[in-house]
Structures are given as structure tokens and as C-alpha cells.
Amino acid sequence: MKAHGPAVLLQPASWLAAALWLAAVLILQGCSPPDAPAGPTPTSQPAPTPVTVPVAESDAPAGIDPGIFPDRILFGQSAAFSGPAQELGKNMKIGIEAAFQEINRDGGVFGRRLELLSLDDAYEPEAAISNTKQLIEDEAVFALIGAVGTPTSRSALPVARDAEVPYIAPFTGAGFLRLQEWDNVLNLRASYNQETEEMVKQLVDVLGLSRIGIVYQDDSYGQAGYHGTVTALAKRNKKPAASGVYPRNTTAVKTGLVDLQRGNPEAIIIIGAYEPVANLIAWARRIGMEAVFVNISFVGSNALARELGRDGEGVFVTQVVPFPTDASLPITAAYHQALADFAPEVEPGFVSFEGYLAGRMTVEALRRCGIEVTRECFLWAFKFGTTMDLGGFSLVFGPWDNQGSDAVFLTVIGPDGQYLPVNSFQVADP
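Residues numbered from 1 in each chain as written. Predicted model: local features only at pLDDT ≥ 70, side-chain atom pairs only at ≥ 80, totals over all residues. Heavy atoms only, no water.

**Considerations on the overall build of the chain**
Each helix and strand in the chain was counted, giving twelve helices and 14 strands. In the chain, which comprises 430 residues, the share counted as buried stands at 57%. Contacts in the chain between residues at least 24 apart in sequence constitute 70% of all its contacts with a sequence separation of at least 6. Total accessible area on the chain is roughly 16800 Å²; 53% of this is exposed by carbon and sulfur atoms. (Helix = DSSP H or I, 4+ residues; strand = E, 2+ residues; numbered from the N terminus. Buried < 20%, exposed > 50% of the residue type's maximum accessible area, 1.4 Å probe, protein only. Contact = heavy atoms within 4.5 Å. Areas by Shrake-Rupley, 256 points an atom, 1.4 Å probe, with all protein chains shown as cover.)

Next up, the structure:
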């Protein structure tokens, strides 16, 4: 079973078919079995003997995939580091780099340190395409990791797929990234469909509300959340009471709010990023809208709470990673230590935690490949269908399942601006 929490589980693949498929590939290609022992955790792993190959650091040996060097492996990231969604890109980057520094301090993975080269796409598809081409063609990265957003991933992914470059842990739950045709994609998180299903279940089945409004960013991200919500409502023989839209990378939310107001919604599901979402909720409160506000994980939880200030109390956010201060999980303790070592000024949060988990997931796959790591073997480390236990947060992949976790967690902003974990939207107590 995948990570615990309210979730919609995907149909498990046949273990026998997976084993036979993998065996054939291993025999033909000599790839190290991806289900080999994962080895000790980063904090206890003895530093392996570095690989010594007489070549310049800037030149990979012939016959080895791009981005693989005698003493390092280079990853690339195109994400928003400017504009209204910049906190998402910055925190994903921090989390990934904290995980990479953690393993590098213990000698890297089989003597190779992990490096990340990040480029700013400002959450714009055209820039994401340009960055992806640069990272693959000019920088020759081994894989791409931590992309931020649906519209940017939709534009960049075909470039990565054509170059047969792994696309690791994009910060989006869009359904198209979970299609079998994208055989280079490795999703860490639950999908937007799973998040919106949980939202509607809480609002309709638990709270008994009937008038549900939707406001969404007018692009592929917003549409993914919108369609997920509509589907979840239709399962309960309901339709949206009202809907509104706003343009990406703006805070022009008033028209969408007016459209919502016409339906007099009891609850509003919001599919957006933290800055425009905070503006919308603040304006809604000022005009006297009495509604339950629910946000999808991509919103950027810490940034949303800061933007809202006193207007944030009682606002719900679904999450796709465990609560970042859950002391019961070893992975959380490791995250806190890694973040303190790498960026002690950064407050722990859901986005950087997701980045850290993406980094740890990457380390685990590299270990399973062994010293002769290739892109193909890296992908097979996930597709074989074994469980990756990242210290209490488990990921399960398979030949027909490129999503590791199905878990959806519920949180609410408390009176002090801090998030609290909740079991339902009915009781806002931890």
C-alpha cells in the first residue's frame, strides 16, 4: 500500500509481468537490478571510494549518458524564481539541494556528488521550453528534477521525452503527467484529481454542503483542477454553483470573484498560486462572503499564510506530503536536519519538504542502479514496482504506474497563521 492518508489508490500492476519484463531488459542490457538493496541511509552511509578515471571533470567518459562524470552527476531544473509563483520554485530548489548536500557530505552516491543547475522560467511555458533545451543540449544534464507547474511542464515535457531525459518529481498533480505515454516521467505526489476528490468528499459528504463554487487560474493547471472538481461533484449528482477564472501570473481576481458571488456558494475550491489566491480570499472576506475556502497543494502553503495574514484563519489546504513537523516520521527529522545544515534561515514547509523528498527519491534510485548508472536503469529503478521507504513515507511505482504516492493530507491555517493538521473539514483541531 502506498503512503498513508486519504487517497485514491491506483490499480496495482502484475508483479509477475513486471518481473519477467525486467529480467528480459537486464539480460539484454546488463543493467544492475533496480531492486538491489538500497544501502544505508545518508546519515550512516560510509563514504565510498571515489571513482578515478583519467579525464577532465568537464568531460564525461565515452559511452556514458550525459551528466554522468567520474566524480559528479548533474541535474537540471527549470522553475519559477521570479514572478508571483517564485516562492514555489525557490523552495523546491532549496529542498532538492538540501537532500543533495546531505548525501554529498557522506561521499555522494558511489563516489559521485550530486549537483543541481537551476534556470528561471518565471512560470511561463515559452521560457520553460528554452530552459529545458539549454539544460539538455548545452549543459548536458543527466535528468530534470523539480519543475514547477502544469503549463510549464506541458510545454517542456515533449522536449525531455524526445531526448529520453528523465523528468523527476514535477511540482504538479496534472493528469497528463500520469499517462503511460510519458515513460520518462516520475511523479512523487498524488494527482489533482485525488486532491479535488478529497475536497469534494469533505465538503459534500462530511459537511453536507450543496453549493460549491470553483475559481481557477485560466490555463492548463487551473483547468486540471476545475475538471477534477467537476468530476468529483458529478459523482454526487451535483454541478458547480458558480465558477470564476483569472489570468496566470496576475492578481486580477475581482472579475472571477464577482462571477462566484452570483452563485452564493457555501464553499469555494480555489485552483491557483499563493499571491492571486490571497488577494481573492481577502477581497471575498471584505465583501462579506461567508464561505469555506479550500486550496489545492500547488498554492504554496507557507507563502499563502504569509500573504493572508489575519485573513488566513480557517482557510483549508490539501497537501500531498506529510506535515513537515510530524516528529513521528524519521524522514521529517532528516528533513529538518538537512534544511538546518543547508539553509538554516528557511522555515520548514510543505514545498521544500516535497523538494527534499524528490532529492531523497533520486538518491535511492541512483543507489539501486549501482556504479554503472544510466538513464534507462534509473527509470527502471522506479518501474519495477518495489517500495521506496523514505523513512516513514513510502513510494510505490510500477511498470504502469509512474506515481509514487496517493496520499492526500488535510490542513487548516490557525489563528496564529500556522498550519494545523486536521482529519476533516468539520473539526479544525489537530
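**Topic: the pairing of strand β6 (residues 212-217)**
Burial within β6 is extensive, with six of its six residues counted as buried. A two-sided burial pattern is seen for β6, the buried positions comprising Ile212, Ile214 and Tyr216 on one face and Gly213, Val215 and Gln217 on the other. In terms of strand pairing, β6 meets strand β8 (residues 267-271) through five bridges, oriented parallel. Within β8, the position partnered with Gly213 by the bridge is Ile268. Inspection of the sheet shows β6 paired to strand β7 (residues 242-246) by five bridges, in the parallel sense. From the neighbouring strand, Gln217 faces β7, where its bridge partner is Tyr246. One crossover worth recording links β6 to the parallel β7 by way of helix α6 (residues 220-234), and it is right-handed. (Pairing = 2+ DSSP bridges. Right-handed = clockwise from strand over helix to strand, strands pointing away.)

**Section: the sheet that holds strand β5 (residues 185-186)**
The parallel open sheet is built from five strands, whose spatial order is β2-β1-β3-β4-β5. Both edges of this open sheet fall to β2 (113-120) and β5, since each of them pairs with a single strand only. Taken together, the two bridges between strand β3 (residues 143-145) and strand β4 (residues 167-168) define a ladder with parallel strand orientation. For Leu144, the partnering residue across the bridge sits in β4 and is Tyr167.

**Quick word on helix α11 (residues 350-369)**
The terminal C-alpha atoms of α11 lie 29 Å apart, and with 20 residues this matches the ideal 28 Å at 1.5 Å per residue to within 8%. Gly370 occupies a position one or two residues after α11 and carries a positive phi of about 85°. (Expected span 1.5 Å × (residues − 1).)

**Focus: the sheet that holds β7**
Here seven strands make up an open sheet; going across it, the order is β7-β6-β8-β9-β10-β13-β14 and the pairing mixed. Two strands bound the open sheet, and with one partner strand each, they are β7 and β14 (419-422). If you compare each strand with its neighbour and ignore which way they point, the axes differ by 25° on average. Where β8 and strand β9 (residues 292-295) come together, four bridges link them in parallel fashion. Within β9, the position partnered with Ala267 by the bridge is Val292. Contacting β6, β7 and β8, α6 runs over the sheet at an angle of about 160° to β6. Packed onto the sheet, helix α8 (residues 274-286) meets β6, β7, β8 and β9 and runs at close to 175° relative to β9. (Axes fitted to C-alpha atoms, helices over the stretch in contact; angles between N-to-C directions.)

**Remarks on the environment of Ala169**
Among the secondary structure elements, Ala169 is positioned in the loop between β4 and β5. Spatially, the C-alpha atom of Ala169 lies 9.1 Å from that of Thr362, the residues being 193 residues apart in sequence.

**A word on empty space enclosed by the protein**
Applying the stated criterion across every chain, the model contains four cavities of 30 Å³ or more. Lining of the largest cavity is provided by 15 residues; of these, Ser78, Thr132, Leu144, Ala147 and Tyr167 occupy positions nearest its centre. Taken together, the elements giving at least two residues each to the lining of the largest cavity come down to β1 (72-79), α3 (125-138), β3, α4 (150-162) and β4. (1 Å grid on protein atoms, 1.4 Å probe; cavity = no way out; pocket = protein on both sides within 12 Å on 5 of 7 lines; lining within 4 Å. Points joined across faces, edges and corners; volume = space filled by probe spheres on them.)

**Focus on helix α5 (residues 192-206)**
For α5, spanning 15 residues, the distance from its first C-alpha to its last is 20 Å, which sits close to the expected 21 Å at 1.5 Å a residue. Among the 15 residues in α5, eleven count as buried, and that is most of the element. Where α5 is concerned, the buried positions are Tyr192, Gln194, Glu195, Thr196, Glu197, Glu198, Met199, Val200, Gln202, Leu203 and Val204. Of the residues flanking the end of α5, it is Gly208, one or two places downstream, whose phi is positive at about 75°.

**Looking at the pattern of salt bridges**
This model, assessed by the stated rule, comprises 19 salt bridges. With a shortest N-O distance of 2.8 Å, Arg236 and Glu197 are connected by a salt bridge. One end of the pair, Arg236, is in the loop between α6 and β7; the other, Glu197, is in helix α5, and 39 residues separate them in sequence. Put simply, Asp71, Arg72, Arg113 and Glu115 are held in one network by salt bridges that share partners. (Salt bridge = Lys/Arg side-chain N within 4 Å of Asp/Glu carboxyl O.)

**A short note on the confidence of the model for the chain**
Predicted confidence across the chain gives a mean pLDDT of 87, with 84% of residues reaching 70 or more. Note that pLDDT drops below 50 for residues 3-59; the model gives that stretch 102 contacts with residues more than four away or on any other chain. (pLDDT = per-residue confidence, 0-100.)

**Concerning the packing of α3 against α4**
For the pair α3 and α4, the least separation of the axes is 8 Å and the interaxial angle reads 30°. It follows from the interaxial angle that α3 and α4 lie roughly parallel. Judged by the twist between their axes, the crossing of α3 over α4 is right-handed. Here Pro125, Ala128, Ile129, Thr132, Lys133 and Ile136 of α3 lie close against α4, whose contacting residues are Pro151, Thr152, Ser155, Ala156, Val159 and Ala160. Of the residues contributing to the contact of α3 with α4, the split by class is eight nonpolar, three polar and one charged. (Parallel < 35°, antiparallel > 145°, perpendicular 65-115°, else oblique. Left-handed = near helix turned anticlockwise from the far one by under 90°. Nonpolar A, V, L, I, M, F, W, Y, C, P; charged D, E, K, R; others polar.)

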